[in-house]
There are 4 protein chains.
Amino acid sequence: MEQKILLTECSDAVGLIARVTSICFKYNFNIVHQDQFASEDGRFFMRTVLSGIFANEDNFLSEIRQVLPPDAKVRLNGQQKRRLAVLVTKEAHCLGDILMKAYSGALNAEIVMVAGNYPDLGDLARRFDIPFHLVSHEGISREEQERRMCEVIDAANPDYVVLAKYMRILSPKMVAHYPLGKLINIHHSFLPAFIGAKPYQQAFDRGVKIIGATAHFVTDNLDEGPIIEQDVIKVNHRYDAATMAKAGRDVERLVLMRALNKVLDDKVFIHGNKTVVF
Amino acid sequence: MEQKILLTECSDAVGLIARVTSICFKYNFNIVHQDQFASEDGRFFMRTVLSGIFANEDNFLSEIRQVLPPDAKVRLNGQQKRRLAVLVTKEAHCLGDILMKAYSGALNAEIVMVAGNYPDLGDLARRFDIPFHLVSHEGISREEQERRMCEVIDAANPDYVVLAKYMRILSPKMVAHYPLGKLINIHHSFLPAFIGAKPYQQAFDRGVKIIGATAHFVTDNLDEGPIIEQDVIKVNHRYDAATMAKAGRDVERLVLMRALNKVLDDKVFIHGNKTVVF
Amino acid sequence: MEQKILLTECSDAVGLIARVTSICFKYNFNIVHQDQFASEDGRFFMRTVLSGIFANEDNFLSEIRQVLPPDAKVRLNGQQKRRLAVLVTKEAHCLGDILMKAYSGALNAEIVMVAGNYPDLGDLARRFDIPFHLVSHEGISREEQERRMCEVIDAANPDYVVLAKYMRILSPKMVAHYPLGKLINIHHSFLPAFIGAKPYQQAFDRGVKIIGATAHFVTDNLDEGPIIEQDVIKVNHRYDAATMAKAGRDVERLVLMRALNKVLDDKVFIHGNKTVVF
Amino acid sequence: MEQKILLTECSDAVGLIARVTSICFKYNFNIVHQDQFASEDGRFFMRTVLSGIFANEDNFLSEIRQVLPPDAKVRLNGQQKRRLAVLVTKEAHCLGDILMKAYSGALNAEIVMVAGNYPDLGDLARRFDIPFHLVSHEGISREEQERRMCEVIDAANPDYVVLAKYMRILSPKMVAHYPLGKLINIHHSFLPAFIGAKPYQQAFDRGVKIIGATAHFVTDNLDEGPIIEQDVIKVNHRYDAATMAKAGRDVERLVLMRALNKVLDDKVFIHGNKTVVF
């Protein structure tokens, strides 16, 4: 017996669950777990974990598609490890967590490469036998640096590109180079508070009592992409921008890791500028 | 269009979701929301929020039962307000929250009466026009006090009896007088830590850094019934047993209220000595 | 033996703690608890809980002032209950919590009156024997409504005015009518996210995974005053603006109550546009 | 200008803060931060961060001692990195976090060695250039295994020994080999719930809605030592013992890391079977 995940997305209608699960039943698949959601604006999302013998996947998917509206997107995902490329600058905590989780088998993914615009984290990547690419921005145009970065990313053929405190703003051209949903960023504030540069300094200046982090898919608009996961921690008057940044590292790495796990478990649908996270 | 909630519980089998949702589809019910769970020991639970025209409920339920295993329990609940009886002693915070939520329309229930073994909270109940019954334990046997208490409870015909800091241990006889699932208690510790009397004193003596509260259905075994909801707050060396108790009141009333809301929304199934909470 | 709280604020310098505590020692006061903070920009704040016999308070304070920089502000507060005026519109949850806490003796304050621009909450106030003033905004200018509101507030002579979901923006004139620190507001977002109207609708539109509340002192700039307390709760794709608002009520009332307790315990200093909260 | 931490502990008395801070003032030390606590049973604890020129430390400490009760313990700690020995079995998450934090400079300590009763984590330690000692328990007595373990620990001369999911119960003899406060353990439950073996299985069997972790100093009584830090996470009916264990790893490593940071910052006093954590 094998487990696979059926992902369904289409216009909402009466009977969708019955139609899909009846076909699952016909193929003798047991439904281990199922979540569904119909949005206010009439979109239906469903994630179904199936257990059974997957012999005629094409027939199965074809039958599913026949009972759904024509705009349906249907996928059947196995449990294979996804390939992650990780982009970094100088801060080690997010990359370190990803490497450790992958090393200890707690991440359902393979880190295929790390690339940074500074060499600082090359040593860390190499300690875990992961190739590191230095793609410096110094002395070249932003466009050229991004061209080189995309080159090394694409050569590694990743399923997802994780911006693990990669402290450069991606140009619309680089964003458009990848399909929506492939680039995942961790931003060091509870968006939409403190968009842009130096959020901890902004937080200190405003005198907030909570700071946070936001993992989101990258879109053209800076820090405006669909939010996958957020969390906060408490701070007080004793924190300055530097100690906020230090304290914030734990929530950054946890939020990024939770978002990654959700994505790798096929639990995240993109719905306009939002997400459905089962 | 009306909304009702279909609650299904039976032995697990392949195709249960398909069978039930196909009948829903046949009756042209839209599934607004659905949760299901199959336990390790082979029990299936499903909560389905249906929207549609409920004309032939008996036929509908009969068809559902026909496609399920013989041990199936199936209910179809409307949105009517449940009747709550609240038992108290002297502490006002849980009762106060329940009265306020009911008063402001934020609780899907009607408080039909309050009963206490001390008169202290009678004034509060009456301020909200709720009948209060003093059922003192003084000068009479425990059995006799419980007999009188059951009498005033039963006269009010409640759907649930909420022990909102009712500081008396119920005898097995009184517990057995009600079906499992009807009595809901709030215990002032994160069970199974600090079972029994004076949990805050126990917590202080042990030097814990968190205290909590547990809402659970009442069974024969003291503080051992199925847990519905738990939460904690942080404390430190500056708290003594009294300040812990004071700080704990907020988590007690929140945990009890969350548990009540889950029960009133038909989101709680009892599964042996545990709960399934959708 | 009595307890009083000594509040000290001045330019930072070496030896401030020694100087102040030496005088406390000379007067044979025991220091039950003490907190101090020196800000980055050179301001010193100290809260000292003293236990002893307070016979010569003027001499004591005079000696304290002599050893501090000339810009020092020194106060000695007893434990008397402060007078609270509460402003409301239609939502009951914050007012209800304040009334319940005051009723059960869990709030170190006396509610001297409630005023609303709608009559809806008059019944609730009266159930707790608190005078309610309707100061409608209908048919009169904003200036006139505020003049009347200030009149009923001032007639009650409160120490603090609590805007417990009072859904009107105060004019600079009304704000200036009270000293900074007297007006306390609860805003239904984790500021600085979602400033202004309909924060829950804004939160829904943005697709955030956390919503929150902020208690702050009121200044001229809308939602920009010194923050006293903030907290958040998690939401997901199943929440619309209305269910966010409903879920947010619990965090609103808790955040406001925590802020009030801190203020009533003399634990809050205002420091520019920020607070020091011990 | 240098910073050092003055740690004072003695019987409580009037004037202790004045006496100590007056001597600090005399030596021209600025008090950057100070916390103090007087316990119910009459014990006084104070942590004072001093900034200044430390030329006559012996004289300074001698003067401090002269003004305190004879039972006073006084220490003046510099900022030097402490030496940590880490004991492990097979689970990588706590060790991995410690290694990563030390590697990135986020831990104020040096990992001097790792020792395990299984060889599994040797590879991880070596990737960070930390010596690993295998001290197997197979084929030898518990006493002999502990003798060998103490030998490798003592050879590394650590300030603290961290039991980072070292899944063996220490004998009273091994515990007594080290002073109280030197051995720090992470237990995978929110003590005192689920003392002993397999806490996640116990948690699953009981049907709790929260699981947690506890960092504590090790004493003779299993899982009964002074608690430094605790935290919890929410679980539900979908978790079995294995998924609870997986989810619990994040709270285990965070709780251990927070406890370590508190200890390394000299913020933890032991007070009987409890702690004072500033």
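Source: prediction; values computed, not measured. (Residues numbered from 1 in each chain as written. Chains lettered and ligands numbered in written order. Predicted model: local features only at pLDDT ≥ 70, side-chain atom pairs only at ≥ 80, totals over all residues. Heavy atoms only, no water.)

**Describing the interface of chain A and chain C**
Phase 1: Taken together, the 36 residues of chain A in the interface contact 36 residues of chain C.
Phase 2: For the pair chain A and chain C, the summed buried area comes to about 3000 Å², and 53% of that belongs to carbon and sulfur atoms.
Phase 3: If you sort the residues of chain A by the area they bury against chain C, R206, K209 and H237 of chain A come out on top, with a joint share of 24%.
Phase 4: Where D231 of chain A meets K234 of chain C, a salt bridge forms, and the shortest distance between an N and an O atom there is 3.4 Å. (Contact = heavy atoms within 4.5 Å. Buried area = accessible area lost by both parts, 1.4 Å probe. Salt bridge = Lys/Arg side-chain N within 4 Å of Asp/Glu carboxyl O.)

**What to know about unusual backbone geometry**
Phase 1: Omega for the bond connecting L191 of chain A with P192 of chain A falls within 30 degrees of zero, at 10°, which places this linkage in the cis form.
Phase 2: Tracing the chain through its elements places P192 of chain A in the loop between β9 (183-187) and α7 (199-206).
Phase 3: Positive phi, normally seen in glycine, also occurs at N157 of chain C, with a value near 50°.
Phase 4: Its location among the elements puts N157 of chain C in the loop between α5 (142-156) and β8 (160-163). (Helix = DSSP H or I, 4+ residues; strand = E, 2+ residues; numbered from the N terminus.)

**A look at the relation of the copies chain D and chain A**
Phase 1: Superposition record for chain D on chain A: RMSD 0.0 Å, screw rotation 180°, translation along axis 0.0 Å. Taken together, the rotation and translation describe the operation of a two-fold axis. Measuring from the rotation axis to each C-alpha of chain D, the shortest distance belongs to R127 of chain D, at 2.9 Å.
Phase 2: Comparing interface residues between copies, 100% of those in chain D also lie at the interface in chain A; the contact surface is shared. (Least-squares fit on C-alpha atoms with pLDDT ≥ 70 in both.)

**Thoughts on the packing of aromatic side chains**
Phase 1: For the coordinates displayed, the defined rule picks out 37 aromatic pairs over all chains.
Phase 2: Residues F29 of chain A and F60 of chain A carry aromatic rings whose centres are separated by 5.0 Å and whose planes lie at 85° to one another, so their mutual orientation is edge-to-face. Linking F29 of chain A in the loop between α1 (16-26) and β2 (30-38) with F60 of chain A in helix α2 (residues 57-66), this pair joins segments that are 31 residues apart in sequence. F60 of chain A carries the same exposure label as F29 of chain A, and that label is buried.
Phase 3: Between Y27 of chain D and F60 of chain D, the ring centres sit 5.2 Å apart and the planes meet at 65°, which makes this aromatic pair edge-to-face. Of this pair, Y27 of chain D sits in the loop between α1 (16-26) and β2 (30-38) while F60 of chain D sits in helix α2 (residues 57-66), and the two are 33 residues apart along the sequence.
Phase 4: Residue F60 of chain D is classed as buried on the basis of its relative accessible area of 1%.
Phase 5: Every member of this aromatic cluster is reached through a ring pair, and the members are Y27, F29, F54 and F60 of chain A.
Phase 6: Note that K90 of chain B overlies the ring of Y118 of chain B, its terminal NZ or CZ placed 4.3 Å from the centroid. (Phe/Tyr/Trp six-rings, centres within 6.5 Å; stacked < 30°, edge-to-face > 60°. Buried < 20%, exposed > 50% of the residue type's maximum accessible area, 1.4 Å probe, protein only. Lys NZ or Arg CZ within 6 Å of the ring centre and 35° of its normal.)

**Thoughts on the sheet that holds strand β2 (residues 30-38) of chain B**
In any sheet, the strands associate via hydrogen bonds between backbone groups, in a parallel or an antiparallel arrangement.
Residues and elements named next belong to chain B.
Phase 1: With antiparallel pairing, the four strands of this open sheet are ordered in space as β2-β3-β1-β4. A single partner strand is all that each edge strand has here, and the edge strands are β2 and β4 (73-77). For this sheet the average axis-to-axis angle between neighbouring strands, irrespective of direction, equals 10°.
Phase 2: Where strand β1 (residues 2-11) and β4 come together, five bridges link them in antiparallel fashion. Following the sheet pairing, L6 is matched in β4 by L76.
Phase 3: On the sheet, helix α1 (residues 16-26) packs against β1, β2 and β3 (43-52) and is oriented at approximately 20° with respect to β3.
Phase 4: Contacts from helix α2 (residues 57-66) reach β1, β3 and β4 within the one sheet, and its direction differs from that of β4 by about 150°. (Pairing = 2+ DSSP bridges. Axes fitted to C-alpha atoms, helices over the stretch in contact; angles between N-to-C directions.)

**Details of the interface of chain D and chain A**
Phase 1: With 19 residues of chain D in contact, the opposing surface of chain A contributes 19 residues.
Phase 2: The junction of chain D with chain A conceals about 1700 Å² of combined surface from both sides, 56% of it contributed by carbon and sulfur atoms.
Phase 3: One salt bridge in this structure joins R127 of chain D and D129 of chain A, with 3.0 Å as the shortest N-O distance.
Phase 4: At the junction of chain D with chain A, the criterion picks out 13 residue pairs in polar contact (both at pLDDT 80 or more).
Phase 5: Counting only elements with at least two residues in the side of chain D that touches chain A, the list comes to α3 (93-103), α4 (122-127) and α8 (241-264) of chain D.
Phase 6: For the side of chain D that touches chain A, the element with the highest residue contribution is α3 of chain D, accounting for five residues.
Phase 7: Residue composition of the side of chain D that touches chain A, by class: seven nonpolar, three polar and nine charged. (Polar contact = N/O pair within 3.5 Å; in protein donor to acceptor, adjacent residues only side chain to side chain. Nonpolar A, V, L, I, M, F, W, Y, C, P; charged D, E, K, R; others polar.)

**Some thoughts on the UniProt feature "domain: ACT" (unreviewed entry) in chain A**
Phase 1: Per the UniProt annotation, the sites labelled "domain: ACT" (unreviewed entry) are residues 5-79 of chain A.
Phase 2: Taken as a whole, residues 5-79 of chain A contains 28% helix and 41% strand, while its terminal C-alpha atoms sit 8 Å from one another. (UniProt positions renumbered as here; feature names shortened; annotations may be inferred.)

**Looking at the relation of the copies chain A and chain C**
Phase 1: With an RMSD of 0.0 Å, chain A superimposes on chain C once it is rotated by 180° and translated 0.0 Å along the axis.
Phase 2: Of the interface residues in chain A, 100% have counterparts in chain C that sit at the interface too, so the contact is made through matching surfaces.

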